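Overview (structure and organization)
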Amino acid sequence: MPLTLFRTTVREEWIDVFEHVNVAHYVTIGDHANWAFWNWVNGHDGTMEARGGHEYVIVENHVRYIDELTLGTPIHVTTQLIAADDKRYVLFHRIWKSGTNDVAATNEVKCLGFNLTERRSENWRPLVAERLEKILQAQAGEEIPAVAGQGIALKKR
């Protein structure tokens, strides 16, 4: 049961001279999904003010471009929690064309617990750690995507 926490339509500012979403904005779409997941995981502390500087940073990011997205296309992002430990987690997002339910791209990110006041990594707050564990348990039956963790290579895998 991947989570669907972000829906929108392709915005004009994301379009490039080739009349499709520019490479950088697939990361933008994924980042909207990252932020939606983070706010959702924090539950009643779903705002930066409520979290008091206990946030996350992205330390790795990998996007796979599968199909074009054009202006006005309705999209949604599904999010699967692949792994988590005391201060890191990995998310796998699929960016879908909502009208056809075709995958346009995937975005895999590794996130690290981060204290904005001290400017250093930290363990998840107990609330976040508990919710991450519950999500892992709820998604335990989901197959981990074959492309997860692969990175870039010249040869097909």
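My aim in this report is to walk through the structure given alongside it, one point at a time. (Residues numbered from 1 in each chain as written. Predicted model: local features only at pLDDT ≥ 70, side-chain atom pairs only at ≥ 80, totals over all residues. Heavy atoms only, no water.)

Structural notes on the packing of helix H1 (residues 23-41) against helix H3 (residues 126-138)
Where H1 meets H3, the closest approach of the two axes is 9 Å, and the angle between their N-to-C directions is 110 degrees. One finds that H1 runs roughly perpendicular with respect to H3. Between H1 and H3, the contacting residues are Phe37, Trp38, Trp40 and Val41 on the first element and Val128, Arg131, Leu132 and Ile135 on the second. Of the residues that constitute the contact of H1 with H3, the class distribution is seven nonpolar, no polar and one charged. (Axes fitted to C-alpha atoms, helices over the stretch in contact; angles between N-to-C directions. Helix = DSSP H or I, 4+ residues; strand = E, 2+ residues; numbered from the N terminus. Parallel < 35°, antiparallel > 145°, perpendicular 65-115°, else oblique. Contact = heavy atoms within 4.5 Å. Nonpolar A, V, L, I, M, F, W, Y, C, P; charged D, E, K, R; others polar.)

Observations concerning the pattern of salt bridges
Per the stated rule, a full pass over the model turns up seven salt bridges. Here Asp45 makes a salt bridge to Arg125, at a shortest N to O gap of 2.9 Å. Linking Asp45 in the loop between H1 and helix H2 (48-51) with Arg125 in the loop between strand S6 (120-121) and H3, this pair joins segments that are 80 residues apart in sequence. Residue classification places Asp45 among the buried positions, given a relative accessible area of 13%. Classification of Arg125 by relative accessible area gives buried; the value is 18%. (Salt bridge = Lys/Arg side-chain N within 4 Å of Asp/Glu carboxyl O. Buried < 20%, exposed > 50% of the residue type's maximum accessible area, 1.4 Å probe, protein only.)

Considering the packing of aromatic side chains
Scanning the entire structure with this criterion turns up seven aromatic pairs. Among the aromatic residues, those joined into a cluster by ring pairs are Trp35, Phe37, Trp38, Tyr56, Tyr89 and Trp124. Between the NZ or CZ atom of Arg51 and the centre of the ring of Trp35, over which it lies, the distance is 5.5 Å. Above the ring of Trp40, the side-chain terminus of Arg131 is found at 5.1 Å from the ring centroid. (Phe/Tyr/Trp six-rings, centres within 6.5 Å; stacked < 30°, edge-to-face > 60°. Lys NZ or Arg CZ within 6 Å of the ring centre and 35° of its normal.)

Here's the deal with H3
Spacing of three or four residues puts side chains on the same side of an α-helix, whose turn is 3.6 residues. The end-to-end C-alpha distance of H3, which contains 13 residues, comes to 18 Å, matching closely the 18 Å that a straight helix rising 1.5 Å per residue would cover. Burial in H3 covers these residues: Val128, Leu132 and Ile135. Down the axis of H3, the buried side of the element spans an arc of 60 degrees, and every buried residue falls inside it. Exposed and oriented more than 90 degrees from the buried face of H3 are Pro126 and Gln137. (Expected span 1.5 Å × (residues − 1). Arc of directions from axis to C-beta.)

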